[in-house]
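# Understanding the architecture of this molecule
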Amino acid sequence: MRSLSDQKLDRLRRIATQPDFSGTKYRLIRELGHGGMGTVYLAEDSDLNREVAVKVLNASADEAALSRRMVREAQIIARLEHPGIVPVHDVGVLADGRVFYAMKLIRGERLDKYITNVASLKDRLRKFQAACDAVSFAHAHGVIHRDLKPQNIMIGTFGEVLVVDWGVAKILPPGMTEQDASEAETLRLLPGRHSDEQQRQEHADETTHGTIIGTAKYMSPEQQRGEIDELDQRSDVYSLGAILYFLLTNRAPAAIRPREVDAKVSKAAEAVCLKAMSVSSADRYASAADLGADVARLLNDEPVSAYRENWLEKVWRWLNKNRVLVLIVLAYLLVRIFFLFSPWR
Amino acid sequence: MSKPLIGILVGAVLGAFDGLTAWFTPAVRDQLAGIVVSSTFKGIIAGIAIGFFAKKFHSLPLGLLFGLAIGALLAYLTARFAVGGYYFEIMLPGSLVGLIVGFATQKYGRTPVAAHP
Amino acid sequence: MNGRAVWYTCGSMDVDTDIGGAVHRFPVTSHSAIVAAASKDAQVRQRALETIVASYWKPAYKYIRIKWQASNEDAKDLTQSFFATAIEKSYFAGYDASKASFQTFFRTCLDRFVANQKKSDRRLKRGAGSEHLPLDFAGAESELASNLPGAEMNPEEFFQREWVRSLFTLSVDALEELYKKTGRELQFKIFERYDLQESSEGKVSYGSLANEFGLKTTDVTNYLAAARRDFRKILLEKVRELTGTEAEFQAEVRSLGIDLK
């Protein structure tokens, strides 16, 4: 009767769970993290002598739909060349049959962890604006993320902002229906890809109406209802608005206004947040770029499109923006008034 | 609008305003016209100097410091040659005017773009 | 796949992302023996129970020995009678995936059974009317003696460890059987020599194996890669058989990566 000692067990467990990088240029260092679809490892690229992150699917290539989805994820990210989107270096199949892709190793922390150390609202808004830029770029290339949340935004060691985890992203080529879009996607990596049968198989793999994707608290209402056909850039705008809510209040989005959670939140900031999080997509910002532009105005103490100021608020904002000047002028006037009534005269 | 021009405009306006406040000093009220003209002129000179400084050095603290210094210097010269010895009354507001011009030239106005080699 | 499985985001290492939502969180996996144990088809039920017994009898025996401090004879009796009773009274058909993992459910049933047996002192004696399963208790005892739990390991952790050992052993056996059937005994031998060697047996390299079997080193590399791939596949199939839901399957696969020592 076969008996496995603890040592043999340990070895077999490593064989079973760790990816077999033989035949690739990567050398496994350690696991960085995992989810249901894949595990991310720290690996060394022996050709370029640098560390990379390698995401490996938690299944063999026989589980075709998962493999196709993972390759698709890599292809989506690879076509988005932007400083705010993690670059993909490589994609392939390991010796153990699992699909993988290698990407830039991000040294930093998630946005939700980052803000525990960063109290400054301006800094949070700058990071958020950078995230809007990255998402806006993706939208301009017909890609919607569909799972935006603080945990999917990384802040690098140099302060750079990267939007990660495009695992459930969708490509929407302009002028095409979703059906056309899915058939237009080509996956050249896996063998036997081009037959009609396999294209039909791929189309069947695509998320269908009624399927719910994303993370509940940051999901747009149409996403929560599973209205896949209705999803467009404005669904991502909703999620960005929910992230803004989190940045303004330090809490996950809830059914109360930001100013009710924290009275220090300005009316303008609240208005921007609530506009992005409008229940009806028609009432939201039309794009992540528009949202980012309003956040830029918040940062520059300029009026935002989401909020109409009264004259008093305009004056107060101007005074706030030009505090130094106001103080100097006040000092000058005080000095003048002082000399008016000074006993020395 | 260039920074020197901003400096001239702000300096002139503030200089004129500063000069007009002499009306509240009965002893010099009859010299008001001359005071306003010289104060405006002083403001323009200060504005030119501070404006060119801002064109060269893009630093708010430095700009404020320079403005303060120029304002104080020109105010001192004015008080030196003025009758009555109102050094404090002239120099303190004059320094603050220089400070305001320094701020305005650093914050506003077109920053020249460096030429590419 | 119909796009209704549970997905997890990986970039963020977060498990909140869900395709399908709560309604679709527990899809029935067609290969699950746990689910098949409740089948109305007697043959299906029988095969499912055989699978469960094959995987769980050793951990159950060792668990009774360690947690309940039973002698090897008593533990043998209790193991046999537990499974006999479980089959007779369809214990496993009552498993509810939404409440706990099957492993937890199994252990709870076992604990209750042993506690009741000890209380009532009406233990079924060997040969007393119930069907006996042909189990190698001597082998299990020997295995236990070589792998006793440390003082810091609680009974639940011990059970988990022994279940993993049983799972891996069955997977290796299944791989051997498969390779024997398909005329690839040599490949299995190479896998066994390289991946199942004890460190005390001396280091084996691809080169030394190539010399030993008269092969090229590249052949050894390929055979090993193929055997590992197949082993992994068999192991995952076995985990799938022994879990009731996709979520449980994912959790068990993840737990295999944790150092159990």
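Residues numbered from 1 in each chain as written. Chains lettered and ligands numbered in written order. Predicted model: local features only at pLDDT ≥ 70, side-chain atom pairs only at ≥ 80, totals over all residues.

Our next topic: the overall build of chain C. Within chain C one finds 10 helices and zero strands. Counting from the amino terminus, helix and strand elements in chain C follow one another as α-α-α-α-α-α-α-α-α-α. Across the 261 residues of chain C, 39% fall into the buried class. Long-range pairs, those at least 24 residues apart, make up 63% of the contacts in chain C with a sequence separation of at least 6. (Helix = DSSP H or I, 4+ residues; strand = E, 2+ residues; numbered from the N terminus. Buried ≥ 20, exposed ≤ 12 C-beta atoms within 10 Å, placed from the backbone. Contact = placed C-beta atoms within 7 Å.)

Our next topic: the overall build of chain A. For chain A, the count of helices and strands is 13 helices and 10 strands. When the 345 residues of chain A are sorted by exposure, 41% land in the buried category. Summarising the internal contacts of chain A: among those between residues at least 6 apart in sequence, 58% fall at separations of at least 24.

A few words on the sheet that holds strand β6 (residues 108–110) of chain A. One key point about sheets: their strands pair by backbone hydrogen bonds, in either a parallel or an antiparallel sense. Residues and elements named next belong to chain A. Read across the sheet, three strands follow the order β6-β8-β9 without closing on themselves; strand pairing throughout is antiparallel. The open sheet has two edge strands, β6 and β9 (161–163), and neither has a second partner. Strand after strand, the sheet turns through a mean of 25° between neighbouring axes, direction not considered. When strand β8 (residues 153–156) meets β9, the two strands line up antiparallel, connected through three bridges. Bridge pairing in β9 places Ile153 opposite Val163. Where helix α4 (residues 121–140) meets the sheet, its contacts fall on β8 and β9, and the angle it forms with β9 comes to roughly 45°. (Pairing = 2+ DSSP bridges. Axes fitted to C-alpha atoms, helices over the stretch in contact; angles between N-to-C directions.)

This part covers the interface of chain B and chain A. Facing the 11 residues of chain B at the interface are 11 residues of chain A. Class assignment for the residues of the side of chain B that touches chain A results in eight nonpolar, two polar and one charged. (Nonpolar A, V, L, I, M, F, W, Y, C, P; charged D, E, K, R; others polar.)

This next bit is on the nonpolar core. Membership of the largest hydrophobic core comes to 76 residues, with the highest contact counts inside it found for Val54, Leu240, Leu244, Val272 and Ala276 of chain A. The contact partners of Val54 of chain A, leaving out residues within four places of it in the chain, are Tyr26, Val40, Tyr41, Ala43, Phe100 and Ala102 of chain A. If you look at the next biggest cluster of nonpolar residues, it comprises 57 residues, including Trp57, Phe82, Leu167 and Phe191 of chain C. (Core = buried A, V, L, I, M, F, W, Y, C linked by C-beta atoms within 7 Å.)

As a further point, take the pairing of strand β3 (residues 50–57) of chain A. Among the eight residues that make up β3 of chain A, six are buried, leaving the element largely enclosed by the rest of the structure. Counted between consecutive antiparallel strands, the loop separating strand β2 (residues 38–45) of chain A from β3 of chain A contains four residues, among which Asn49 of chain A sits at a positive phi close to 55°.

Looking now at the sheet that holds β3 of chain A. Residues and elements named next belong to chain A. Read from one edge to the other, the open sheet built from five strands follows the order β1-β2-β3-β5-β4, with strand pairing classed as antiparallel. Two strands bound the open sheet, and with one partner strand each, they are β1 (26–34) and β4 (88–93). The mean angle between the axes of side-by-side strands here comes to 25°, regardless of whether they run parallel or antiparallel. As judged from the five bridges shared by β4 and strand β5 (residues 99–104), these two strands associate in the antiparallel manner. For Asp90, the partnering residue across the bridge sits in β5 and is Ala102.

Residues and elements named next belong to chain A. The phi torsion at Asp165 lies on the positive side, around 55°, for a residue other than glycine. Within the element layout of this structure, Asp165 appears in the loop between β9 and β10 (170–171). We classify Asp165 as buried; it has 30 C-beta atoms within 10 Å. The backbone of Asp301 shows a phi angle near 55°, a positive value even though the residue is not glycine. For Asp301, the location among the structural elements is in the loop between α11 (288–299) and α12 (311–321).

On to the confidence of the model for chain C, then. Low-confidence regions, as indicated by low pLDDT, have predicted coordinates that should not be scrutinised in detail. Residue and element names in this part refer to chain C. Mean pLDDT over chain C: 79, with 80% of residues reaching 70 or higher. The secondary structure element of chain C with the lowest average pLDDT is helix α10 (residues 246–255), at 79, and the one with the highest is helix α6 (residues 155–181), at 94. Note on residues 1–29: pLDDT is under 50 here. Beyond four places in sequence and across chains, it has 88 contacts. Both scores are given for the predicted complex: the pTM is 0.63, the ipTM 0.77. (pLDDT = per-residue confidence, 0-100.)

All names here are of chain C. Where helix α8 (residues 206–213) contacts helix α9 (residues 217–241), the two axes come as close as 8 Å, and the packing angle between them is 105°. If you check the angle between α8 and α9, you find them roughly perpendicular. Contact residues: α8 offers Tyr206, Gly207, Leu209 and Ala210, while α9 offers Thr217, Val220 and Thr221. (Parallel < 35°, antiparallel > 145°, perpendicular 65-115°, else oblique.)

Bringing helix α7 (residues 185–195) of chain C into the picture now. Residue and element names in this part refer to chain C. Turning to α7, its buried residues number three or more, namely Gln187, Phe188, Ile190, Phe191 and Tyr194. Around the axis of α7, the buried residues are gathered within 160° of arc, so they sit on the same side. Each element contacted by the buried residues of α7 is listed here: α6, α8 and α9. (Arc of directions from axis to C-beta.)

Turning our attention to helix α3 (residues 72–88) of chain C. Because an α-helix completes one turn every 3.6 residues, residues spaced three or four positions apart along the sequence face the same direction. Residues and elements named next belong to chain C. Over its 17 residues, α3 extends 24 Å from the first C-alpha to the last, a length consistent with the 24 Å expected when each residue adds 1.5 Å. Among all positions of α3, only Ala75, Lys76, Leu78, Thr79, Gln80, Ser81, Phe82, Phe83, Ala86 and Ile87 are buried. Among the structural elements, α2 (42–67), α4 (102–120) and α5 (137–146) are those in contact with the buried residues of α3. In the stretch just after α3, Ser90 is the one whose phi turns positive, near 50°. (Expected span 1.5 Å × (residues − 1).)

Residue and element names in this part refer to chain B. Axis separation between helix α2 (residues 32–56) and helix α3 (residues 60–81) bottoms out at 10 Å; the angle between their running directions is 150°. One finds that α2 runs roughly antiparallel with respect to α3. The handedness of the crossing between α2 and α3 is right-handed. Residues Ser38, Lys42, Ile45, Ala46, Ala49, Ile50, Phe53 and Ala54 of α2 lie in contact with α3, whose contacting residues are Gly63, Phe66, Gly67, Ile70, Gly71, Leu74 and Thr78. When the residues that make up the contact of α2 with α3 are grouped by side-chain class, the tally is nine nonpolar, five polar and one charged. (Left-handed = near helix turned anticlockwise from the far one by under 90°.)

Residue and element names in this part refer to chain B. Among the structural elements, Pro61 can be located in helix α3. Look at Pro61 and you get exposed, because 9 C-beta atoms sit within 10 Å. Sequence separation between Pro61 and Gln106 is 45 residues, and the spatial gap between their C-alpha atoms is 9.2 Å.

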